[in-house]
Amino acid sequence: MENNRENIKIEITNLDLFYDDFHALHNINLAIQKNKITAFIGPSGCGKSTLLKSINRMNDMVENCKITGELKIDGENILSKKIDVNELRKKVGMVFQKPNPFAMSIYDNIAFGPRTHGITKKAELDEIVETSLKNAAIWDEFKDNLKKSALELSGGQQQRLCIARALAVKPDVLLMDEPTSALDPISTSKIEDCVMKLKENYTIVIVTHNMQQAVRISDRTVFFLLGEIIEEGETEQIFSMPKHPKTEAYISGRFG
């Protein structure tokens, strides 16, 4: 396994997370590799989304949330008080379970982030909009209709628009929290194709309940149970020869 230091984008060391007295994540140690798709699997409430949201400090918005340990991106501990959270969220994009387009045009959805970061020239914004939509594999569907309200799009189109919107601020990392769970199989397939192309330029972490999806698109899989990592490794190994009996029980459908 190529696990050289240069290949690691995100390194999590001895991380514990508490909501008040509830100990949600226990001693998480994990290295996430650059330009790979890493899938987080496990039953509901086992800590997958909690850890995902820690990678861009979304948990800052939760009252009485306390995190200890280290979470480094490119060697910098993002849990440090010195970190500019706005800059961090520019670097680490997020796509949520339910598509959440803004009530504005397709164009303005994509241009929103770049504008907040000070880009105002129309030519530059035009280029960002086109590139982002191309990267999310929806330019051909939208290019003649950029003034259309994003709220008029289908669920699958809205989710790909949200991926394009996340890409518009040029992040390094893309976090995806069950991005296809609300979508039909055709839309799901389009998003999976898109995500697999994106790993050429991005490090992607995806939370999924769909184990077939993890097998189809991820390079590495991390299995969570009750706030702990039970097993992690190459996806093929996890699903064909899991080392831990709990992993085997979960992926064979005996619980969860």
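In this numbering scheme, every chain counts its residues from 1 along its sequence in written order. At least 70 in pLDDT is required for a residue's local features to be given in this predicted model, at least 80 for side-chain atom pairs to be given and counted, and no such filter applies to totals for whole chains, interfaces and linings, which use all residues. Hydrogens and water molecules were not included; the side-chain quantities draw on all heavy atoms of the structure.

Caption draft 1: Broad picture of the overall build of the chain. Across its full length, the chain holds 10 helices and 10 strands. Taking 2.2 N^0.38 as the reference for a compact globule, 256 residues should give roughly 18 Å; the C-alpha atoms of the chain span a radius of gyration of 18 Å, in line with that estimate. Burial statistics for the chain: of 256 residues in total, 49% are counted as buried. In the chain, 66% of the contacts between residues at least 6 apart in sequence involve partners at least 24 apart. Accessible area for the chain stands at about 12,600 Å²; split by element, carbon and sulfur atoms hold 48% of it. When charges are tallied, Lys and Arg are placed among the positive residues and Asp and Glu among the negative ones, while His and the ends of the chain are skipped. A single reference atom marks each charge: NZ on Lys, CZ on Arg, CG on Asp, CD on Glu. Within the chain, one finds 33 positive and 36 negative side-chain charges whose respective centroids are separated by 2 Å. What counts as a helix is a DSSP run of H or I of at least four residues, what counts as a strand is a run of E of at least two, and both are numbered from the N terminus. We compute the radius of gyration over the C-alpha atoms and compare it with the globule rule, which gives 2.2 Å times the number of residues raised to the power 0.38. Throughout, exposure labels follow a simple rule: accessible area from a 1.4 Å probe, protein chains only, divided by the maximum for the residue type, with under 20% read as buried, over 50% as exposed, and the rest as partly exposed. Residues count as neighbours in contact if any of their non-hydrogen atoms are within 4.5 Å of one another. Using a 1.4 Å probe, accessible areas were evaluated by the Shrake-Rupley method; residue-level cover was limited to the displayed protein chains.

Caption draft 2: Representation of the pattern of salt bridges in the model. We count a salt bridge whenever a side-chain nitrogen from Lys or Arg sits within 4 Å of a carboxyl oxygen from Asp or Glu. Inspection of the entire model under this criterion finds 14 salt bridges. A salt bridge links Lys122 to Asp126; its shortest N-O distance comes to 2.8 Å. Within this pair, Lys122 and its partner Asp126 are both found in helix 4 (residues 122–135), separated by four residues, close to a single helical turn. Salt bridges sharing partners connect three or more residues here, namely Lys9, Asp74, Lys91 and Asp172.

Caption draft 3: Up close: unusual backbone geometry. Phi is positive for Arg57, which is not a glycine, with a value near 60°. Of note in this structure, Ala137 is not a glycine but carries a positive phi near 60°. Relative to the helices and strands, Ala137 resides in the loop between helix 4 and helix 5 (139–142).

Caption draft 4: Representation of helix 7 (residues 185–198) within the structure. By this rule the span expected of a helix is its residue count minus one, scaled by 1.5 Å. Look at helix 7: 20 Å from first C-alpha to last across 14 residues, which is about the 20 Å you get at 1.5 Å a residue. Regarding helix 7, the residues found buried are Ser187, Thr188, Ile191, Glu192, Cys194, Val195 and Leu198. Buried positions in helix 7, seen along its axis, are confined to an arc of 165° and lie on one side of it. In helix 7, the exposed residues that point more than 90 degrees away from the buried face are Pro185, Ile186 and Lys197. In this structure, the buried residues of helix 7 make contact with strand 3 (37–41), helix 4, helix 6 (155–167), strand 7 (173–177), strand 8 (203–207) and helix 8 (211–217). Directions from the helix axis toward the C-beta atoms define the arc.

Caption draft 5: Geometry of the layout of surface pockets. Only protein atoms enter the 1 Å grid used here. Points where a 1.4 Å probe fits but cannot escape make up a cavity, open sets with protein on both sides within 12 Å along at least five of seven lines make up a pocket, and a residue lines them when an atom lies within 4 Å of a point. Grid points are joined across faces, edges and corners, and a volume is the space filled by probe spheres set on the points. Quantified by volume, the largest pocket comes out at close to 560 Å³. Lining the largest pocket are 22 residues, and of these Arg89, Met94, Phe102, Arg165 and Val169 lie nearest its centre. Secondary structure elements with two or more residues in the lining of the largest pocket: helix 2 (85–91), strand 6 (92–95), helix 3 (106–116) and helix 6. Residue type decides the class: Asp, Glu, Lys and Arg count as charged, Ala, Val, Leu, Ile, Met, Phe, Trp, Tyr, Cys and Pro as nonpolar, and the leftover types, Gly among them, as polar. Residue composition of the lining of the largest pocket, by class: 11 nonpolar, eight polar and three charged.

Caption draft 6: The arrangement of the packing of aromatic side chains in detail. A pair of aromatic rings is counted whenever rings of Phe, Tyr or Trp (Trp by its six-membered ring) have centres within 6.5 Å, and the orientation is called stacked for planes under 30 degrees apart, edge-to-face for over 60 and tilted otherwise. Applying the stated criterion to the full structure yields three aromatic pairs. Ring centres of Phe102 and Phe112 lie 4.8 Å apart, and the angle between their planes is 55°; this geometry places the pair in the tilted category. Residue Phe102 is found in the loop between strand 6 and helix 3, and its partner Phe112 is found in helix 3; the two are separated by 10 residues along the sequence. Under the relative-accessibility criterion, Phe102 is labelled partly exposed at 28%. Looking at Phe112, the relative accessible area reads 37%, which means it is partly exposed. Remark: a charge is flagged as sitting over a ring if the NZ atom of Lys or the CZ atom of Arg is within 6 Å of the ring centre and within 35 degrees of the ring normal. Positioned above the aromatic ring of Phe18 is the side chain of Lys66, whose terminal nitrogen or guanidinium carbon lies 5.5 Å from the ring centre. Positioned above the aromatic ring of Phe102 is the side chain of Arg165, whose terminal nitrogen or guanidinium carbon lies 4.0 Å from the ring centre.

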